[in-house]
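Tertiary structure, described
So you can see what is in the structure, the chains are spelled out below.
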Amino acid sequence: MTAAKLVLNEIKGYHRFLKFMMVLVGLGALASLVRFIFGLGVTTNLNDTYPWGLWISFDVVTAVPLAAGAFTIGIVAHIFHIKKLEPLVRPAIVTGFLGYSLVCVGLLLDLGQPQRGINVLRYWNIHSPMFEVSMCVMAYTTVLTLEFLHPVAEKFGWHLPLRLLRTLELPFAILAAMISTLHQSTLGTFFLIAVDKLHALWYNPLLPLQFWLSAIFTGLSIVIFEASLVHKYMGQPDESDLLATLTRIIPWVMALYLGVKAYALAFLTHGPLFDRPVLLALFLVEICAGVLIPFGMFITKKIKSDKRMQLRAASLVIFGLVLNRFNVSMFGMEQPGNLIYAPSLIESLVTIGIIAAHILFFVLIAKYFPIFEHHPETVDYSIPDRMHRIDDGRKRVGGELEA
Amino acid sequence: MSSEKIDFTKTKTFLIDTTKCTGCRGCQVACKQWNQLQGEQTHFFSGEGYQNPPAMSEYTFTRIKFKDYQKHGQNEFAFYKEMCMHCNEPACASVCPVGAFQKTAEGPVIYDSKRCIGCRFCMMACPFGVPKYEWSKAFPLVRKCTGCYSRIKEGMKPACATACPTAIAYGPRDEMLKEAEKRLKAKPERYYPAIYGKNEAGGTSVLYLTHQPLDELGFKPVTQRPLPSYTWQALRFVPGIFLTVGGTLSAVSWFQQRKDRIRAEEEGRTASGHHHGKDEKKENSL
Amino acid sequence: MTNHWIDLKNSDCIFIIGCNPAENHPISFKWIEQAVDNGGKLIVVDPRYTRSASKSDIYAQLRPGTDIAFLGGMINYALQHDLIHREYVRDYTNAAFIVNEKFDFKDGMFCSFDDKEKSYDLKSWAYANDAAGNPRRDESLKDPRCVYQLLKKHYSRYDVDTVCQITGTPKDAYLKVVQAFCATGRADKAGTILYAMGITQSTHGTQNVRAVAMLQMLLGNIGIAGGGVNALRGESNVQGSTDYGLLFHLLPGYLKSPEFDNVDLKAYNEKWTPKTKDKKSANWWGNTPKYITSLLKSWYGENATKENDFCYSYLPKRSGNYGYSKIIEKMKGGGIEGLVCMGMNPAMGGPDSNTAREALGKLKWLVTVDLWETETSIFWKRPGVNPKEIQTEVFMLPAASSVEKEGSISNSGRWAQWRYKAVEPVGEAKSDMWIIDQFYKRINALYKKEKGAFPEPITKMAWGYGNEEPEPTLVAKEINGYFLKDTTIKDKDKTLEFKAGDPVPMFKFLADDGSTSSGCWIYTGSFTKDGNQMARRDQSDPTGLGLFPKWAWAWPVNRRIIYNRASVDKEGAPFNAKRPVIAWNALEKKWQGDVPDGPWPPMNDAKEGKYPFIMLPEGHGRLYALDLKDGPFPEHYEPMESPTRNLLSNVQNNPAVAVPKNVSRDLDKYPFIGTTYRMTEHWQTGSMTRSLPWLVELVPDMFVEISETLAKKKGIAKGDKVRVHTERGSIEAVALVTARLKPLSVAGKQVEQIGMPWHFGYSGLAKGDSANLLTPTVGCANTGIPEFKAFLCDIEKRRA
Ligand SMILES: Nc1nc2c(c(=O)[nH]1)N[C@H]1C(S)=C(S)[C@@H](COP(=O)(O)OP(=O)(O)OC[C@H]3O[C@@H](n4cnc5c(=O)[nH]c(N)nc54)[C@H](O)[C@@H]3O)O[C@H]1N2
Ligand SMILES: Nc1nc2c(c(=O)[nH]1)N[C@H]1C(S)=C(S)[C@@H](COP(=O)(O)OP(=O)(O)OC[C@H]3O[C@@H](n4cnc5c(=O)[nH]c(N)nc54)[C@H](O)[C@@H]3O)O[C@H]1N2
Ligand code: SF4
Ligand code: SF4
Ligand code: SF4
Ligand code: SF4
Ligand code: SF4
Ligand SMILES: [Mo]
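All of the points below concern the structure found in this document. Note that this is a predicted model, so its numbers are computed, not measured.

**Description of the packing of aromatic side chains**
For the structure on display, the rule yields 76 aromatic pairs over all chains. Ring plane angle 80 degrees and centroid distance 6.3 Å describe the contact between B:Tyr50 and B:Phe77, whose orientation is recorded as edge-to-face. With a gap of 27 residues between them, B:Tyr50 in the loop between α1 (26-34) and β2 (63-71) and B:Phe77 in strand β3 (residues 74-82) connect regions that are remote in the sequence. As far as the burial class goes, B:Tyr50 and B:Phe77 line up, both buried. Arranged with centres 5.1 Å apart and planes meeting at 65 degrees, the rings of C:Trp584 and C:Trp591 form a pair that is edge-to-face. This pair shows no difference in class: C:Trp584 is buried, exactly as C:Trp591 is. Here C:Arg537 stacks its cationic end above the ring of C:Trp551, 5.0 Å away from the centre of that ring. Lying across the ring of C:Trp415, C:Arg560 places its NZ or CZ 4.6 Å from the centre.

**Points about the packing of helix α5 (residues 86-110) of chain A against helix α9 (residues 207-233) of chain A**
Residues and elements named next belong to chain A. At a closest axis distance of 10 Å, the pairing of α5 and α9 adopts a crossing angle of 105 degrees. Looking at the two axes, α5 sits roughly perpendicular to α9. Contacts between α5 and α9 pair Leu-88, Pro-91, Ala-92 and Thr-95 from the former with Val-223, Glu-226 and Ala-227 from the latter. Its residues assigned to classes, the contact of α5 with α9 shows 5 nonpolar, 1 polar and 1 charged.

**Some words on the nonpolar core**
Residues and elements named next belong to chain C. If you look at the biggest cluster of nonpolar residues, it comprises 243 residues, and the most contacted ones within it are Met-756 and Ile-795. In this structure, Ile-795 is in contact with Phe-672, Val-704, Ile-706, Leu-710, Lys-714, Ile-716, Val-722, Arg-723, Val-724 and Ile-754, ignoring residues within four places of it in sequence. Ranked by size, the runner-up nonpolar core spans 80 residues in total, among them Ile-17, Cys-146, Cys-164 and Met-217.

**Here's the deal with the sheet that holds strand β8 (residues 191-195) of chain C**
Residue and element names in this part refer to chain C. Spatially, 5 strands are ordered β3-β2-β1-β8-β9 in an open sheet, and the strand pairing comes out parallel. Two strands close off the open sheet at either side, each with one partner strand: β3 (58-60) and β9 (229-231). Across the sheet, the mean angle separating the axes of adjacent strands is 15 degrees when strand polarity is ignored. Bridge count for strand β1 (residues 13-17) against β8 is 4 bridges, and the pairing is parallel. Looking at β8, one finds that Ile-14 is bridged to Thr-192. Contacts between helix α3 (residues 67-80) and the sheet are confined to β1, β2 (41-45) and β3, with β1 contributing the most and set at about 155 degrees to the helix.

**So, the interface of chain C and chain B**
Residue-level contacts link 39 residues of chain C with 39 residues of chain B. Of the roughly 3000 Å² buried between chain C and chain B on both sides combined, carbon and sulfur atoms contribute 57%. Where chain C touches chain B, the interface holds 6 salt bridges. Residues C:Glu697 and B:Lys32 are paired through a salt bridge, measuring 2.4 Å at the closest nitrogen-oxygen approach. Across the chain C-chain B interface, the total number found is 22 residue pairs in polar contact (both at pLDDT 80 or more). Elements represented by at least two residues in the side of chain C that touches chain B include exactly α1 (21-24), α2 (28-37), α19 (693-696), β25 (703-706) and β27 (730-737) of chain C. Here the side of chain C that touches chain B gets 5 residues from one element, more than from any other, and that element is α2(C). The residue makeup of the side of chain C that touches chain B, split by class, is 19 nonpolar, 6 polar and 14 charged.

The rules behind these values
- Residues numbered from 1 in each chain as written.
- Chains lettered and ligands numbered in written order.
- Predicted model: local features only at pLDDT ≥ 70, side-chain atom pairs only at ≥ 80, totals over all residues.
- Heavy atoms only, no water.
- Phe/Tyr/Trp six-rings, centres within 6.5 Å; stacked < 30°, edge-to-face > 60°.
- Helix = DSSP H or I, 4+ residues; strand = E, 2+ residues; numbered from the N terminus.
- Buried < 20%, exposed > 50% of the residue type's maximum accessible area, 1.4 Å probe, protein only.
- Lys NZ or Arg CZ within 6 Å of the ring centre and 35° of its normal.
- Axes fitted to C-alpha atoms, helices over the stretch in contact; angles between N-to-C directions.
- Parallel < 35°, antiparallel > 145°, perpendicular 65-115°, else oblique.
- Contact = heavy atoms within 4.5 Å.
- Nonpolar A, V, L, I, M, F, W, Y, C, P; charged D, E, K, R; others polar.
- Core = buried A, V, L, I, M, F, W, Y, C linked by side-chain atoms within 4.5 Å.
- Pairing = 2+ DSSP bridges.
- Buried area = accessible area lost by both parts, 1.4 Å probe.
- Salt bridge = Lys/Arg side-chain N within 4 Å of Asp/Glu carboxyl O.
- Polar contact = N/O pair within 3.5 Å; in protein donor to acceptor, adjacent residues only side chain to side chain.

Next comes the structure, spelled out in structure tokens:
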């Protein structure tokens with residue numbers, strides 16, 4: 001049987017859902033092709049009034065915080081050294097890796113001159129939030145790729161790189177946290193320039209801080225969300241007792257977030273808050289359904305044990321974040337009188353394709369790489385210890401010989 | 001963004017006195033001619049009066065807006081020229097990841113198409129909605145009023161200012177401001193008491209005088225602060241935050257690791273001690 | 001213009017009536033704004049609130065075709081409130097002149113009207129002469145038969161209320177206008193009146209202009225800086241075209257073209273050389289024989305001799321009217337074989353275009369000399385006709401545009417400015433001069449070969465402007481004129497020597513004995529031994545009035561403000577010391593400032609003093625005209641098609657104008673006033689602009705402007721397609737509903753108007769229906785200029 005045949009058969013074996021995802025990805029790919037042939041003007045509903053649309057709002061501004069699981073869990077597991085959470089790290093890293101790779105895809109599609117993307121490295125403009133974010137995203141994607149190499153190396157049993165990567169795990173986690181903090185918040189900085197455009201419900205100088213905080217608790221929620229689903233649909237072991245730990249961390253961050261937001265709204269807004277009913281409604285939904293209610297759920301005792309509640313709360317948080325990012329980057333920008341932007345078919349297909357790709361690749365990677373298997377040795381990876389243990393071992397052997 | 005070292009009293013500035021504008025649109029056509037911009041397909045009129053085309057675009061860098069309305073029984077028929085304001089501290093320049101926009105010492109805010117990656121952040125950022133995109137193209141660039149930089153460098157006036165019979169004065173910003181103030185003082189009944197562009201967006205190289213209140217003519221009320229400062233107030237913390245986060249987290253992890261290591265070592269020691277004991281036993285038995 | 005563009009800046013009050021300079025003469029506002037900056041007032045009187053109006057201090061709306069009522073009311077107000085410049089009126093106008101007993105005016109009619117001929121006997125309006133044969137005068141202006149008293153009486157009927165009833169002008173606005181402008185009657189104030197087609201395109205257009213001139217004389221505003229009667233001319237060189245006699249009744253330099261009974265030069269001179277017995281009157285037209293002779297010499301050169309009457313017999317003699325409308329009429333009747341359209345688009349420009357377009361189809365051949373394919377050159381394939389049915393053979397000659405050729409352009413201020421070729425003509429385009437030169441050369445060759453009836457007028461011409469490409473400067477020199485033999489001239493104290501072939505420096509040296517030539521006497525001095533004066537570009541302005549005497553050249557004799565003798569008192573001291581145009585220096589015995597209207601000392605100088613209005617035999621400005629077909633005083637008549645009866649008399653229309661067939665006063669069929677006009681974005685019939693994408697973008701299609709009230713009445717919304725009908729035809733357009741057009745209340749009832757540009761047609765990039773499908777073929781009693789500004793029409797929303 002030829003390789004192709006092998007692959008085909010393999011695919012034949014996949015679940016309907018996966019095949020469906022593949023179709024969506026295919027469509028997305030096709031749509032992006034169309035975009036490059038006919039140009040943004042024809043294929044999207046973007047125009048001079050709405051230069052940014054679905055692709056920026058979702059593929060970038062929203063996708064980035066959704067991929068924040070990697071660094072948040074990294075912090076918790078590696079830096080705060082809560083080892084028992086380590087099983088959650090790899091899936092998160094994979095999601096992060098996919099997330100960021102797809103963010104890059106999204107960005108490239110949205111650029112008018114993608115072939116010049118590299119210019120960001122050639123001409124620096126440190127005053128540009130976009131510059132900052134592009135740098136971070138590039139850097140972080142590399143980090144994630146390296147982290148992702150981990151399971152890969154494991155799979156193929158490349159021992160040297162594996163050791164190297166293991167030793168780098170912690171530094172990476174720290175680096176990831178540093179970079180993420182910057183660009184998660186800077187995504188908020190983007191919209192500080194829109195001082196006369198973004199509605200006061202969202203515009204305030206603390207937007208970056210809010211973006212960062214929401215990214216953190218959403219990142220953790222994503223981990224919960226994912227783990228639950230994976231457990232549910234991919235028959236992976238139930239991690240809900242691990243997740244319980246997260247549910248204990250999340251509300252703290254949320255509380256902080258709410259505090260900051262309340263303060264900003266009370267003291268730092270520059271315009272009328274209640275002049276646009278629709279926006280007000282959106283805002284309330286975002287806050288209540290997306291923050292207050294899940295917050296309420298997270299602070300209950302019940303959530304520690306109740307899987308379904310965990311999932312629900314996490315889902316709400318995610319919904320809240322998505323809505324928030326859209327409110328900031330799209331709805332809150334709509335000027336009264338202007339015709340309202342709605343994404344075109346092509347735009348939608350591309351975005352759907354990207355989401356599908358995310359799910360698809362995640363499942364496939366999980367299928368072929370050790371993402372969920374717990375590592376053979378549950379030891380800490382810090383170098384000094386490792387040395388210690390090794391020569392300690394020798395002694396032991398020596399002893400044997402003497403014997 | 002090289003605007004820091006620029007002397008904003010000397011930057012060349014348009015003083016557009018709408019009370020002198022006859023709406024002849026010579027400027028609009030002169031601009032198209034100098035920049036060789038294609039005429040747009042229009043139908044009837046796109047706004048009040050004879051206004052056309054519907055908006056500034058990749059083909060239209062400047063446009064006369066018409067206002068045709070009644071105010072306590074009196075006709076108001078007003079015209080004003082939209083164009084790039086050539087801000088002292090341009091938002092477009094500050095947000096551009098590749099620094100494609102640049103405020104020149106002469107005054108115009110110019111655009112280096114070779115750098116542009118087409119992210120359209122400039123369009124988001126511009127408080128006056130000036131930069132336009134080549135939506136017609138597969139690989140679009142941004143287009144906007146160039147301030148006729150190529151003419152300025154040759155000591156000429158911009159094409160529009162040259163064509164204008166009445167309304168556009170062009171010169172160093174301080175002189176234009178002085179002139180504007182002079183006119184306001186000389187004919188208070190003729191002018192609405194404001195110079196649009198004096199402080200808007202932190203000051204621009206285009207100044208307007210009007211008879212009608214600014215909002216009636218549709219001038220955008222924009223912040224008086226330079227827009228870059230809004231993002232900079234956050235961005236300036238970047239290095240700090242970067243290091244702080246790095247530092248703290250390293251510290252934390254080191255601390256945590258240490259805790260755990262100590263625990264681990266203790267466990268380790270007891271384990272090996274026991275072992276030795278056994279050995280000794282063995283030795284003793286020999 | 002009596003003055004010139006830049007002089008507008010010197011005005012204390014700029015009165016715009018019947019023109020829209022912001023839109024049609026944009027650059028004028030450069031100077032108007034300066035006047036305003038210096039505290040001058042800007043008045044705009046127009047049926048529509050225009051872009052000019054938007055800049056005005058005072059705006060007053062009036063009904064199309066009612067300017068005489070409006071201006072008559074101002075004259076009346078000035079007289080009643082004694083706001084006139086008395087000294088000026090008494091000494092410089094014919095106010096003091098006594099009119100003969102026969103003259104009188106009753107209920108809209110002047111005396112001795114021949115109803116059959118539809119004409120007056122002008123002689124019955126003559127002055128009453130004294131024994132010496134000079135008009136009798138009464139300096140006290142008390143004599144009931146003096147012009148001043150007759151004038152006062154005539155306009156006493158034009159009281160403010162009546163006037164506003166007629167014009168539909170709100171009374172307060174009217175009074176504001178009157179008071180503001182009449183305030184310039186003071187010696188130290190200057191008021192200028194700008195007018196154009198809103199004034200002239202009327203069945204009483206000439207009388208409209210007269211009314212303007214009379215008001216200016218009463219206020220002492222003619223001859224002074226910042227004053228004057230200023231017609232904003234149209235086509236960029238239309239001033240030149242009239243200077244050079246491109247009108248059927250004129251020869252170059254405003255010499256009359258011979259009439260059938262001017263059998264020889266003597267008879268011609270008899271007829272057209274005015275005489276006076278008054279030594280103080282310069283009576284400049286007394287020089288007519290010198291000018292016509294010099295003209296004939298330049299046309300027929302050596303062939304023109306005293307013996308053969310300088311070839312006078314070669315000139316065509318006219319009998320009756322050869323105006324545009326008459327030509328079309330004749331063409332329609334098949335009376336014309338061929339037509340050469342050089343820079344004209346008659347399928348569009350004239351009234352009742354349907355008729356004109358049909359008429360073109362009756363020609364054997366048609367030559368269009370143009371930059372573009374025009375409605376005229378493609379009339380045979382216009383919408384709705386079958387080309388097969390049109391036999392006319394059409395030749396299109398591509399013409400070089402104004403920037404593709406060298407030559408002079410005369411602007412409204414009489415400045416002849418020399419221009420150079422900027423670029424080579426596109427394609428096969430040739431300059432008009434080349435085309436005319438070839439016309440002559442080839443026709444002449446044919447005549448020489450085939451003889452034919454009466455070839456001499458062509459074959460005997462002195463024609464030599466170069467072989468291939470004619471040389472514009474040669475033409476310019478010929479226009480200036482040469483001495484044809486060595487000449488010695490005693491000029492005051494000094495004697496001047498000229499060689500044969502020298503250019504004539506001033507027209508006062510032109511002679512009637514064939515010793516000089518001049519192609520257009522008013523341009524003598526434009527190309528002297530010092531070179532081409534029109535090409536001068538010196539920007540010095542010694543007087544500070546913006547005369548720029550060394551920039552280009554203005555006819556006559558580089559005088560920038562004509563009638564400037566009226567700007568000084570009888571001793572030669574300027575009425576307004578602030579802005580002296582000229583001033584008499586008694587010590588040096590010479591004038592300072594602008595070139596004076598003749599070299600003579602001030603009027604009071606016993607021996608040589610002269611009156612200021614040197615072109616008139618009586619030397620005084622005419623408040624009372626002697627030679628207009630429709631009356632010595634402008635009298636208000638309604639336009640041919642009018643929504644109301646004449647409120648001032650029982651004479652509805654100008655009696656000197658015959659009522660044509662295709663007009664209708666049926667207010668049930670046509671309840672609204674239609675008026676046509678221009679806009680900045682397009683030029684004329686549009687052939688110049690409707691093919692330029694940059695301009696088409698600005699005004700893409702034919703539209704009509706209507707008021708909000710009419711829109712409501714007719715259920716028309718902005719952007720709707722509408723149809724407009726008149727007795728002549730019907731057009732489609734897009735509706736522009738605007739508050740800038742308001743219904744007028746005329747004699748107590750509301751009258752709506754429908755405004756429309758006339759720029760659209762069926763050729764070019766942007767096409768649309770032509771306004772001239774609607775307009776009536778009826779014109780001014782004196783000039784025949786069609787009544788484009790006031791006709792009756794109806795409008796309805798076009799159901800899709
Ligand atoms: N852009 C542009 N400029 C032009 C031209 C062009 O086609 N386009 N044409 C050139 C030519 S050839 C000429 S002759 C000039 C003409 O220049 P204008 O005379 O200014 O041209 P119009 O717009 O025909 O008429 C002027 C105004 O008269 C008003 N009007 C109408 N009826 C009456 C009336 O009864 N009384 C009074 N007082 N006003 C009335 C109209 O509303 C209009 O605003 O413009 C010249 N300049
Ligand atoms: N309803 C209505 N009708 C009007 C008027 C109005 O106000 N209302 N206005 C009237 C007035 S004032 C005028 S002046 C007439 C004008 O009527 P026209 O003179 O018939 O109209 P234009 O469009 O000026 O025609 C000029 C032509 O000359 C061509 N041309 C331009 N430059 C050159 C050149 O250098 N050489 C040659 N050979 N051709 C050249 C142009 O392309 C154009 O086709 O219209 C009159 N008609
Ligand atoms: S107006 Fe807009 S485009 Fe122009 S300089 Fe200012 S920010 Fe940049
Ligand atoms: S579109 Fe081009 S110019 Fe505008 S911000 Fe992006 S890179 Fe800079
Ligand atoms: S400055 Fe130049 S580019 Fe800008 S509007 Fe004027 S003519 Fe156009
Ligand atoms: S050229 Fe001058 S007067 Fe004409 S529209 Fe432009 S700004 Fe106004
Ligand atoms: S179009 Fe030409 S002639 Fe008319 S105002 Fe402008 S510059 Fe003068
Ligand atoms: Mo004209």
